[in-house]
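# Secondary and tertiary structure notes
What follows is the residue order along each chain.
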Amino acid sequence: MKYLFLAIRTTICCIIWAVVILQTDSLPLPNQLGPNHSADNLNNHEDNLVLSARVSEHESGRDFSLNLSRWGVGKLVSASLFPPSAATISSSNKIAYLTFDDGPSKSTSRILDILEENGVKATFFVTGKTSDYSKQMLHQIVDQGHTLGNHTYSHDYNRIYASVGAFKADVDRLNRLLEETVGVKPNILRYPGGSNNHLSWRSGGRHIMSSITREMSALGYQYFDWNVSSTDAAAVTQSKDAIVESVKGNSSGKKQIIVLMHDMDVKTTTVEALPEIIAYLKQERYQFDVLGKDSFTFQFLRQGSS
Ligand SMILES: [Zn+2]
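Please read these numbers as outputs of a predicted model, since none were measured by experiment.

## Focus on the nonpolar core
- Ranked by size, the top nonpolar core spans 36 residues in total, and within it L98, F100, L115, F124, L274 and L281 carry the most contacts.
- If one sorts the elements of this core by residue count, helix 11 (residues 268-283) sits on top with 7 residues.
- If near-sequence neighbours (up to four positions away) are discounted, L98 is found in contact with L115, V120, A122, T123, V259, M261, L274, I278, L281, F288 and D289.
- If you look at the next biggest cluster of nonpolar residues, it comprises 13 residues, including L189, I212, Y223 and L301.

What follows is the structure in structure tokens.
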């Protein structure tokens, strides 16, 4: 009876691990997604990434549970299989990169106050605004230790995605404004709509994004999409709770997260959600950092893939 029980248990374990290995081996890497992969359908892909991250943490010996519910297997607890190693523990730091697109706006001042109150630094992917208030906000962003990124001067899809030259000219125009205003010339970018947006095809053709990303990379720019959407762009003014819950759900199982939020007049609920988002991420032991050319990135479109 004892041997029969052992044989059954061993067989079940083998089946489970075979399923895990097959499934994780077939997962695409983020930059293996083709250009047809939109930001919207990335959500399905991120489900796979969550699983992958959990397997990885499991191997480090810190998170001993594997959620195999997608196969109806339930939870497997196997605390002794993978003892932790010093190397994997030291590389386990969780980092959150909060990013705000489209500012400066009326919301910028409040966003900066909240970040200051919480001792958190963030990255602002700004556009071309020349009012005194906007320039004051640019100064405040830099003075308080946050980072400025280029999100194009005009943010006009038809204009910027018409050609590689048009895109570069728009980026240069914003960098000149930023350099004149605050003495900063960013070498980090976020493409309006993300690097795999399809709206660009209307003015620049199907391969315009890969042409632009290749050229901007050659010019020394690094670009950043996101792996955690706050979904604050899903409605003109998304509900605060939906924003908070999206960040919680989309960050689950990820060690390094680039959180997409918007700094716009109408995004009042993003500002309201921000203290809760920061509190949650702190509770989840994330440290906060600003993006830089050599930091972690997440890109929908592999440079030059098409
Ligand atoms: Zn934008």
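## Remarks on the packing of aromatic side chains
- Summed over the entire model, instances satisfying the criterion amount to 9 aromatic pairs.
- A ring pair is formed by Y97 and F296, whose centres lie 6.3 Å apart and whose planes are at 15°; its orientation type is stacked. Of the two residues, Y97 is situated in strand 3 (residues 94-101) and F296 in the segment after strand 10 (286-288); the sequence distance between them amounts to 199 residues.
- Taken together, a centroid distance of 5.1 Å and an interplanar angle of 65° make the contact between Y191 and Y223 edge-to-face. Of this pair, Y191 sits in the loop between strand 6 (188-189) and helix 8 (200-204) while Y223 sits in strand 7 (residues 222-223), and the two are 32 residues apart along the sequence.
- Taking relative accessible area as the criterion, Y191 reaches 1% and is therefore assigned buried.

## Describing the coordination of the zinc ion
- Looking at the metal site, the zinc ion is ligated by D102 (OD), H151 (NE2) and H155 (NE2), spaced 2.1 Å from it.
- Mapping the donors of the zinc ion onto the primary sequence gives the spacing D-x48-H-x3-H. Taken together, the residues span a long stretch of sequence, with D102 in the loop between strand 3 and helix 4 (108-117) and H151 in the loop between strand 5 (147-150) and helix 6 (157-160) at a distance of 49 residues.

## Describing unusual backbone geometry
- Following G103, the chain continues into P104 via a peptide bond in cis, with omega recorded as -5°.
- You can see P104 is positioned in the loop between strand 3 and helix 4.
- Backbone geometry at H155 places phi at a positive 55°, although glycine is not the residue there.
- Here H155 shows up in the loop between strand 5 and helix 6.
- In the Ramachandran plot, T231 falls in the positive-phi region, its phi being about 60° despite a non-glycine side chain.
- Inspection of the secondary structure puts T231 in the loop between strand 8 (228-229) and helix 10 (240-251).
- By relative accessible area, which is 23% here, T231 ends up partly exposed.

## Details of helix 11
- Spanning 16 residues, helix 11 covers 24 Å between terminal C-alpha atoms, matching the ideal 22 Å at 1.5 Å per step.
- A maximum bend of about 35° is found in helix 11 at L274, where proline P275 lies one to four positions downstream.
- Of all the positions in helix 11, only T269, T270, V271, A273, L274, I277, I278, Y280 and L281 are classed as buried.
- For helix 11, the secondary structure elements touched by its buried residues are strand 3, helix 4, helix 10, strand 9 (256-262) and strand 10.
- Positive phi appears at R285, one or two residues downstream of helix 11, with a value of about 70°.

## Considerations on the packing of helix 10 against helix 11
- Two numbers describe how helix 10 lies on helix 11: the axes approach to 8 Å, and their chain directions differ by 35°. Where helix 10 crosses over helix 11, the two elements pack in a sense that is right-handed. Between helix 10 and helix 11, the residues in contact are K240, I243, V244, V247, K248 and S251 and T269, T270, E272, A273, E276, I277, Y280 and L281, respectively.

## Section: the pairing of strand 3
- The element strand 3 is largely enclosed, with a buried count of 8 among its 8 residues.
- Alternating residues of strand 3 divide into K94, A96, L98 and F100 and I95, Y97, T99 and D101, and every residue in both groups is buried.
- For strand 3 and strand 10, the ladder comprises 3 bridges, and the chain directions are parallel. The partner of A96 across the bridge, within strand 10, is F288.
- Sheet topology note: the strand 3/strand 9 ladder contains 7 bridges and is parallel.

## Focus on the side chain of K254
- Here K254 shows up in the loop between helix 10 and strand 9.
- Residue K254 is classed as buried on the basis of its relative accessible area, which comes to 7%.
- A polar contact of 2.7 Å, which involves the side chain of K254, links it to the backbone oxygen of N227.

Rules behind the numbers
Residues numbered from 1 in each chain as written. Predicted model: local features only at pLDDT ≥ 70, side-chain atom pairs only at ≥ 80, totals over all residues. Heavy atoms only, no water. Core = buried A, V, L, I, M, F, W, Y, C linked by side-chain atoms within 4.5 Å. Buried < 20%, exposed > 50% of the residue type's maximum accessible area, 1.4 Å probe, protein only. Helix = DSSP H or I, 4+ residues; strand = E, 2+ residues; numbered from the N terminus. Contact = heavy atoms within 4.5 Å. Phe/Tyr/Trp six-rings, centres within 6.5 Å; stacked < 30°, edge-to-face > 60°. Donors = N, O, S within 2.8 Å, 3.2 Å for Na, K, Ca; no water. Expected span 1.5 Å × (residues − 1). Bend = angle between axes of the 7 residues up to and from the residue. Axes fitted to C-alpha atoms, helices over the stretch in contact; angles between N-to-C directions. Left-handed = near helix turned anticlockwise from the far one by under 90°. Pairing = 2+ DSSP bridges. Polar contact = N/O pair within 3.5 Å; in protein donor to acceptor, adjacent residues only side chain to side chain.

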